Amino acid sequence: MELLPIIPAVIAEAIVLYMVTKCRCVLAPDIHKVNQPLIPKIGGIGLLAALPILWLLWSPLSKVALAFFTVPLVMGIVGLLDDVYSVNEYLRVAISFGYPVLLYAFGLMPRLIYVPLIGRFGDVLLVGAITLASYIVFSNAVNMLDVVNGVVPFSMVIISAVPLAYGLLMHDQSTIYLSLSSMAASAVLLVFNAYPAKVFNGNGGTHVLGAILSGLFLYTGASTFVLIAALPYIINGVLIIFSSRGIKGRSKLNRPTKVVEGIVYPNREGRGVLTLVRMIVIDKPMNEVGIIKSIYAAFALSFVLSLITILIWRSI
Amino acid sequence: MRTIIELLTYSWATLMAILFVLRLLNKALGSPVPLLFIGLILIFSWAAGIYKLGEVLDKRNSREN
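Keep in mind it's a predicted model, so treat the numbers as computed, not measured.

Draft legend 1. Molecular detail of the overall build of chain A. The helix and strand inventory of chain A stands at 12 helices and 7 strands. Taken over the C-alpha trace, chain A has a radius of gyration of 19 Å; the compact-globule value for 316 residues is 20 Å, and the two agree within 12%. With the C-alpha coordinates aligned to their principal axes, the bounding extent of chain A is approximately 50 × 45 × 35 Å. Sorting the 316 residues of chain A into buried and exposed places 50% on the buried side. Contacts in chain A between residues far apart in sequence, at least 24 positions, make up 71% of those at least 6 positions apart.

Encoded structure:
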């Protein structure tokens, strides 16, 4: 019974995304393809159709459900508006991060966090700092890696399997439901975003998935394991921020790679920014499919490392 | 893939070391505020280490090619 809301949510998301592929609206070029086809960049709208169902049909008044589902909803709506109308950067950041801050300030978010291998924390300031940092870090980290088809929803399916395994191990129904919700919503998006993409995630999609990832980190009790499963995102974000000496828009960065006849090479002209994709193609220049497979393999390896960490945690 | 595997395994191993240090400090300190400061310093050093390794691997590869 607990898992029933997932079925109508998945159906609603699939219908909305199918309609997006038919409407051919809000288009952006797929730059890694030779003929650069135009693709709708509002995949986030599918997730926005699924989230209210997953929330309202489960446990709408609990603090965990309120935080886990409404923060991605707010971030997704702002991201979607940004995809369509280009919202002012400061307004976007103020609403996206102001909402979780308000929820936390009014006591509508859990103020307890369990960090496996370190301990349990209930200090209001410490948990508040971790909560806000988590939303900022994960939503930006996911957005930064949304450069090739399918990678973001695929990674979310894999990452969600970690708290799911933890939830099954601990017999925690809430963790199982949150993990399966994340996994199901991401899997539907993957069908439409996988190579060759019929829909792009857009800022709406990446901000929703970033906030869901943050929710898995904060509210499932598996924070350490989720962090390790998400290591490729963290590594990519760290490489970009440190090598570009701060947080800058994509347009202001020296391109890390260059595409010649469909093959991606590291950009050796000037001081190219370091990214995960650049780290992949410095070993061997490859096409988009090769890069996608390499990133999938990186998330699969992180998943294994996360399971090893669970075993270490169980043994101490 | 070699570079990505090196980056991932380095990041995981060093993160595990940091987590165990924080675990010991959490038991020893008792208060969350110093733990937050020490945690921030350790996590920043961890991130800087990942970047440094990425930079070294990038330079190594550009010399090899």
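And the narrative resumes.
Draft legend 2. Inspection of the interface of chain B and chain A at higher detail. At the junction of the two partners, chain B supplies 27 residues and chain A supplies 27 residues. Of all the secondary-structure elements, those providing two or more residues to the side of chain B that touches chain A are α1 (2-29) and α2 (32-64) of chain B.

Draft legend 3. Examining the pairing of strand β5 (residues 257-260) of chain A more closely. Direction of pairing for β5 of chain A relative to strand β6 (residues 263-266) of chain A: antiparallel, over a ladder of 4 bridges. Bridge assignment links V259 of chain A to a residue of β6 of chain A, and that residue is V264 of chain A.

Draft legend 4. Spotlight on unusual backbone geometry. All names here are of chain A. The residue after Y195, namely P196, is reached through a cis peptide bond having omega -10°. Note that P196 resides in the loop between α7 (173-193) and α8 (202-219). Phi angles above zero are rare outside glycine, and L117 is one such case at about 85°. Summarising the element assignment, L117 is placed in the loop between β3 (113-115) and β4 (119-121). By C-beta crowding, L117 is classed as partly exposed, having 19 other C-beta atoms within 10 Å. Although it is not a glycine, H171 sits at a positive phi angle of roughly 55°.

Draft legend 5. Expanded view of α8 of chain A. Residue and element names in this part refer to chain A. Its 18 residues give α8 an end-to-end C-alpha distance of 26 Å, which sits within 8% of 26 Å, the value for a rise of 1.5 Å per residue. Counting buried positions over the 18 residues of α8 gives 18, a clear majority of the element. At the C-terminal side of α8, G221 shows a positive phi close to 80°.

Draft legend 6. Representation of the packing of helix α3 (residues 63-85) of chain A against α8 of chain A. Residue and element names in this part refer to chain A. Two elements in contact, α3 and α8, have axes whose closest approach is 7 Å; the angle formed by their N-to-C orientations is 160°. It follows from the interaxial angle that α3 and α8 lie roughly antiparallel. Every pair of crossing elements has a handedness; the one defined by α3 and α8 is right-handed. Within the contact between the two elements, α3 uses V64, A67, F68, V71, P72, M75, G76, G79, L80, D82 and D83 and α8 uses G202, N203, G204, H207, V208, A211, I212, G215 and Y219.

Draft legend 7. Representation of the sheet that holds strand β7 (residues 286-287) of chain A within the structure. Within the open sheet, the 3 strands sit side by side as β5-β6-β7 (chain A). Their pairing is antiparallel. Of all the strands in the sheet, just β5 and β7 of chain A have a single pairing partner and so form its edges.

Draft legend 8. Structural detail: the pairing of β6 of chain A. All names here are of chain A. Only one face of β6 is buried, namely the one carrying V264 and P266, since none of I263 and Y265 on the opposite face is buried. As consecutive antiparallel partners, β5 and β6 are separated by 2 residues, and within that stretch E261 has a phi angle of approximately 50°, a positive value. When β6 meets β7, the two strands line up antiparallel, connected through 2 bridges. Across the sheet, residue V264 finds its bridge partner in β7, namely M286.

Draft legend 9. Main features of the environment of V78 of chain A. Residue and element names in this part refer to chain A. Along the chain, V78 falls in helix α3. A C-alpha to C-alpha distance of 18 Å links V78 and G215, two positions 137 residues apart in sequence. Discounting chain neighbours no more than four positions away, the residues touching V78 are V87, R92, I95 and S96.

Draft legend 10. Structural context of the nonpolar core. Judged by nonpolar contacts, the single largest core of 104 residues is most densely connected at L213 and V226 of chain A. The residues touching V226 of chain A, leaving out its near neighbours within four places in the chain, are I159, V162, P163, L216 and F217 of chain A.

Draft legend 11. Here's a closer look at the packing of helix α6 (residues 151-170) of chain A against helix α12 (residues 288-315) of chain A. Residue and element names in this part refer to chain A. It is the contact of α6 with α12, at a shortest axis distance of 10 Å, that shows an interaxial angle of 10°. The orientation of α6 relative to α12 falls into the category roughly parallel. In contact with V151, F154, S155, I158, A161, V162, A165 and Y166 of α6, α12 contributes I292, I295, Y296, F299, A300, F303, S306, L307 and I310. In the contact of α6 with α12, the residues fall into 15 nonpolar, 2 polar and no charged.

Draft legend 12. Just the environment of L126 of chain A, in detail. Checked against the element boundaries, L126 of chain A lands in helix α5 (residues 124-144). For the pair L126 of chain A and R111 of chain A, spaced 15 residues apart in sequence, the C-alpha to C-alpha distance is 9.3 Å. Sequence-distant contacts of L126 of chain A, that is, excluding residues within four places in its chain, are made with F121 of chain A together with P32 and L36 of chain B.

Draft legend 13. Quick look at the environment of L178 of chain A. Residues and elements named next belong to chain A. Assignment of secondary structure puts L178 in helix α7. By C-beta crowding, L178 is classed as buried, having 27 other C-beta atoms within 10 Å. With 114 residues separating them along the chain, L178 and V64 place their C-alpha atoms 9.5 Å apart. Setting aside its immediate chain neighbours within four residues, L178 contacts F68, G215, L216, Y219 and T220.

Quick notes on the rules
Residues numbered from 1 in each chain as written. Chains lettered and ligands numbered in written order. Predicted model: local features only at pLDDT ≥ 70, side-chain atom pairs only at ≥ 80, totals over all residues. Helix = DSSP H or I, 4+ residues; strand = E, 2+ residues; numbered from the N terminus. Rg over C-alpha atoms; globule rule 2.2 N^0.38 Å. Buried ≥ 20, exposed ≤ 12 C-beta atoms within 10 Å, placed from the backbone. Contact = placed C-beta atoms within 7 Å. Pairing = 2+ DSSP bridges. Expected span 1.5 Å × (residues − 1). Axes fitted to C-alpha atoms, helices over the stretch in contact; angles between N-to-C directions. Parallel < 35°, antiparallel > 145°, perpendicular 65-115°, else oblique. Left-handed = near helix turned anticlockwise from the far one by under 90°. Core = buried A, V, L, I, M, F, W, Y, C linked by C-beta atoms within 7 Å. Nonpolar A, V, L, I, M, F, W, Y, C, P; charged D, E, K, R; others polar.

On their own, these measurements won't tell you what the molecule is for.
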